[in-house]
Amino acid sequence: MAVNSFVALGDSFTEGLDDWRADGTPRGWADRVAERLGASRPGFRYANLAVRGKLLDQIVDDQLPVAERLRPDMIAFCAGGNDIIRFTCDTDDLARRFDSALERVTATGAQVLVFTGFDLGRMHPIIRRLRGRVACYNELMRASAERHGSTVVDLWGMAPLADPRTWGRDRLHLTAEGHRRVALRVLETLGEPVVEDWRAPLPAAVPAPWRHRQREDLVWMRDFVMPYVRRRMRGHRTGEGFVPKRPDLLPLDGGGQPAL
């Protein structure tokens, strides 16, 4: 189907953390995809309703009604990642709620993209403990996408993103290079022409000394893991205080073929 409007729903992955523009605002894979699609479609419109930290139910309550009202040609629906990383998570229940939400998303008549989780096999052992949850949720999402006629963007199979160098300092958000590769993967899935291949391997890594790796792990624990635990223990509501960066379905500025 012709895609002349695009709405992105989700959390920090879709908002674009940690892919920063010069002015300090997040860009991310969804902006990159919209910019490329808009370059060849006069009047192309785009909205990004994603907000960092949001859980599946928050995305459904806050963002899905807006998408239902806007009725775009294409919707990206990526949700559940923040539920997965919580202390406890019933993956089957999460998948049931995702399926119910996906039914509503597809009822808009839009072409719908859903996303598997990443393969965490090469991440820090603390993060790697979530790998089984992610794999289980992926398969349940795939089944849901098949039932509702949605298109799956397979992030689990993106080998370059298994490299920790494509992740930011918090080890939860992709770098600009990671987002660029996801954008290429999405465009390929849509059948859009691209001149670069997301499969291209990263340059060979220079082995880091053991002491350096240990120091990085300690800094990560101090600056990111422990603050997250403290916020959760205090009942902090995820995503509180943040709003969508592009809440209205408006034409994109600029022209030409933007670099991914």
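This text goes with the structure placed above it.
All figures in this text were calculated on a predicted structure; none of them were measured in a lab.

A. Representation of the pairing of strand β1 (residues 5-9). Counting buried residues along β1, five of its five residues qualify, which places the element largely inside the surrounding structure. Of the two faces of β1, the one lined by Ser5, Val7 and Leu9 and the one lined by Phe6 and Ala8 are each fully buried. Examined bridge by bridge, β1 and strand β2 (residues 45-48) share four bridges and lie parallel to one another. Bridge pairing links Ala8 to Asn48 in β2. Summarising the sheet, β1 and strand β3 (residues 74-77) pair through four bridges and their orientation is parallel. The partner of Phe6 across the bridge, within β3, is Met74.

B. Representation of helix α8 (residues 131-148) within the structure. Relative to the 26 Å expected for 18 residues at 1.5 Å per residue, α8 spans 26 Å between its end C-alpha atoms, a close match to the ideal helical length. All of the buried residues along α8 are Val134, Tyr137, Asn138, Met141, Ser144 and Ala145. Take α8 and look down its axis: the buried residues cluster within an arc of 130°, on one side only. Every exposed residue of α8 that faces more than 90 degrees away from the buried side is listed here: Gly132, Glu146 and Arg147. The positive-phi residue at the C-terminal boundary of α8 is Gly149, with phi of around 70°.

C. Molecular detail of the state of the cysteines. For the structure shown, the criterion picks out zero disulfides. Between Cys89, a free cysteine, and Cys136, which holds the nearest cysteine sulfur, the sulfur-to-sulfur gap is 9.2 Å. Cys89 gets classed as partly exposed once you look at its relative accessible area, which sits at 21%.

Cut-offs used in this document
Residues numbered from 1 in each chain as written. Predicted model: local features only at pLDDT ≥ 70, side-chain atom pairs only at ≥ 80, totals over all residues. Heavy atoms only, no water. Buried < 20%, exposed > 50% of the residue type's maximum accessible area, 1.4 Å probe, protein only. Helix = DSSP H or I, 4+ residues; strand = E, 2+ residues; numbered from the N terminus. Pairing = 2+ DSSP bridges. Expected span 1.5 Å × (residues − 1). Arc of directions from axis to C-beta. Disulfide = S-S within 2.5 Å.

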